[in-house]
Amino acid sequence: MKVAVYSTRSYDRSHLQAANASAAHEFHWFEARLSVETASLAHGCAAVCAFVNDRLDAPVLTALANGGVRLIVLRCAGYNHVDLNTAISLGLVVANVPAYSPHAVAEHAVALLLTLNRRTHLAHDRVRRGDFTLDGLQGFDLHGKTAGLVGTGRIGVITGRILQGFGCRVLAYDPVPPAEAIAAGFEFVGLEALLAGADIVSLHCPLVPATRHIINAAALARMKPGALLINTSRGALIDTHAVITALEKDRLGGLGIDVYEHEATLFFEDHSATGIPDAVFARLISLPNVVATAHQGFLTHEALGNIASAVIDSLDAHAAGRLPAFALRRLSP
Ligand code: NAD
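No experiment lies behind these values; they were computed from the predicted model shown. (Residues numbered from 1 in each chain as written. Predicted model: local features only at pLDDT ≥ 70, side-chain atom pairs only at ≥ 80, totals over all residues. Heavy atoms only, no water.)

Re unusual backbone geometry
A positive phi angle is found at A23, which is not glycine, with a value near 55 degrees. Here A23 lies in the loop between α1 (10–19) and β2 (26–29). (Helix = DSSP H or I, 4+ residues; strand = E, 2+ residues; numbered from the N terminus.)

In structure tokens:
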């Protein structure tokens, strides 16, 4: 099957090529993000393979469907960027990769937490400059502290277990607490109690209308003074302006993020020659108690291999006239 692969990077290409060992599918690689302007690149392809910051709204989906595309395979778990109901109305099948390695993202959340708490990013810079002083690098023991998980699905539950290994008490908020999270011994509480009781808050819920800006000024005011906030889920869970204010007033102890609400035009590109073209993000990362990575929670060998295998499985299924195992269903209005 002919497949247009958007937002292609070297690691996507190598893993997809390895998974396509039988050469059953013909990949057309595009570094460009999928948008109204680039949708025509997929003309003649039966499938599109897209990533987190590709645009999959009604105009793009219509252009793809008119150009002959019948299948959209996401190289990611989240599908908040897809107008799913429009896609299904247009006769498009959309498949995601729901669980390629929840360990990769959970471990990255903990890496952000450890860096932020023990200031290893600042310490490393100092040591490289020959400055071996320790002032300002003080953290706290995770042992005995309370962590709060907002969302306890695949990634949240692993993050909680890792934090339990550090000796943390784990509070959790999830409207539908999964059995695995209950079995892990997390203490399920309301969101307000979690925010008030946690020294560390880590976000692991999907981005849906109910969770957009779930961390806003009111939520930040409820958090323990000096608490650390970690977000590896989706940027728009956090109101960035409110978080900058809380950091600048020393109300929030620190922020560790792998996602940013306006990351679509920023992440996965090299802006180092021209400077960061987003004044809000530039201000955020100028703060010493902020650690940011550019949506790399998924970036492990295991996760990339699993994503590639799942993409090939979906393409194989569609080519054989079957519905892919991870085909997404219409969302209720
Ligand atoms: P999941 O579907 O297994 O779990 C999500 C959990 O959130 C579910 O238990 C659900 O009940 C809960 N939830 C739903 N609404 C909620 C709300 N209002 N408040 C609290 N909890 C709520 O998802 P997952 O695989 O654990 O992924 C979690 C998030 O991580 C996804 O949103 C995804 O976008 C993001 N993610 C990021 C990366 C990365 O590279 N940074 C990679 C993969 C996934």
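Examining the pairing of strand β10 (residues 228–231)
The two faces of the sheet receive side chains in turn, since in a regular strand these alternate between them. With burial as the criterion, each face of β10 is covered, one bearing L228 and I230 and the other bearing L229 and N231. Both strand β9 (residues 200–203) and β10 contribute to a ladder of four bridges, which runs parallel. Residue L203 lies in a different strand from β10, and its bridge partner there is N231. As a crossover connection, the stretch from β9 through helix α9 (residues 217–222) into β10 is right-handed. Here β10 runs beside strand β11 (residues 254–257); their pairing, made up of four bridges, is parallel. Paired with L229 across the two strands is L255, which belongs to β11. (Buried < 20%, exposed > 50% of the residue type's maximum accessible area, 1.4 Å probe, protein only. Pairing = 2+ DSSP bridges. Right-handed = clockwise from strand over helix to strand, strands pointing away.)

Concerning the site of the ligand
For the ligand, the set of nearby residues contains 25 residues, the closest of which are Y100, R154, I155, D174 and T232. Within the backbone of G153, an N or O atom sits 3.5 Å from an oxygen atom of the ligand. Between D174 and the ligand, the recorded distance is 2.6 Å, taken from a side-chain N or O atom to an oxygen atom. Look at the ligand: alone it shows 870 Å² of surface, and the protein chains cover 86% of it. In the shell around the ligand, the residues fall into eleven nonpolar, ten polar and four charged. (Near = heavy atom within 4 Å. Polar contact = N/O pair within 3.5 Å; in protein donor to acceptor, adjacent residues only side chain to side chain. Areas by Shrake-Rupley, 256 points an atom, 1.4 Å probe, with all protein chains shown as cover. Nonpolar A, V, L, I, M, F, W, Y, C, P; charged D, E, K, R; others polar.)

Some thoughts on the side chain of R9
Within the secondary structure layout, R9 lies in the loop between β1 (2–5) and α1. Sequence-distant contacts of R9, defined by excluding residues within four places in its chain, comprise E31, F268 and E269. (Contact = heavy atoms within 4.5 Å.)

A word on the sheet that holds strand β5 (residues 93–95)
Strands sit in the order β2-β1-β3-β4-β5 across an open sheet of five strands; the sheet is parallel. Either end of the sheet is taken by a strand with one partner, and the two such strands are β2 and β5. The average undirected angle you get between the axes of adjacent strands in this sheet is 20 degrees. Looking at chain direction, β1 and β2 are connected through four bridges and run parallel. Within the sheet, the bridge partner assigned to V3 lies in β2 and is F27. (Axes fitted to C-alpha atoms, helices over the stretch in contact; angles between N-to-C directions.)

Here's the deal with the environment of E192
Here E192 lies in helix α8 (residues 191–197). In this structure the C-alpha to C-alpha distance between E192 and A123, which are 69 residues apart in sequence, comes to 34 Å.

Digging into helix α12 (residues 301–319)
Compared with the 27 Å implied by 1.5 Å per residue over 19 residues, the 27 Å span of α12 between its first and last C-alpha is a close match. Positive phi appears at G321, one or two residues downstream of α12, with a value of about 80 degrees. (Expected span 1.5 Å × (residues − 1).)

Focus: the packing of α1 against α12
The interhelical angle for the contact between α1 and α12, taken along N-to-C directions, is 55 degrees, at an axis separation of 8 Å. Taken together, the axes of α1 and α12 are oblique relative to one another. The chirality of how α1 crosses α12 is right-handed. Mapping the contact onto sequence places Y11, H15, L16 and A19 in α1 and H301, L304, G305, A308, S309, V311 and I312 in α12. Split by residue class, the contact of α1 with α12 holds seven nonpolar, four polar and no charged. (Parallel < 35°, antiparallel > 145°, perpendicular 65-115°, else oblique. Left-handed = near helix turned anticlockwise from the far one by under 90°.)

Describing the nonpolar core
Within the largest apolar cluster, 48 residues are counted, with the highest numbers of intra-cluster contacts made by V48, L56, L64, I72, L74 and L315. Contributing elements (two or more residues each) for this core: β1, β2, β3 (47–50), α2 (58–66), β4 (71–74), α3 (84–89), β5 and α12. Sorting elements by how many residues they give to this core places α12 first, with eight residues. In contact with L315, not counting residues within four places along its chain, are M1, V3, H25, F27, A47, L71 and V73. With 34 residues, the next largest nonpolar core counts L195, V201, A219 and A236 among its residues. (Core = buried A, V, L, I, M, F, W, Y, C linked by side-chain atoms within 4.5 Å.)

As for the packing of aromatic side chains
In this structure the tally under the stated criterion is seven aromatic pairs. On the basis of an interplanar angle of 35 degrees and a centroid distance of 5.1 Å, the ring pair of F27 and W29 is categorised as tilted. Of the two residues examined, F27 and W29, each falls in the buried class. Ring geometry for F267 versus F281: centroids 5.8 Å apart, planes at 75 degrees, classification edge-to-face. On the criterion of sequence distance, the pair formed by F267 in the loop between β11 and α11 (279–286) and F281 in helix α11 is long-range, its members being 14 residues apart. The class of F267 is buried, set by a relative accessible area of 6%. Taking the relative accessible area as the measure of exposure, F281 reaches 8% and is therefore buried. Through successive ring pairs, a cluster of aromatic residues spans Y11, F51, F268 and F298. (Phe/Tyr/Trp six-rings, centres within 6.5 Å; stacked < 30°, edge-to-face > 60°.)

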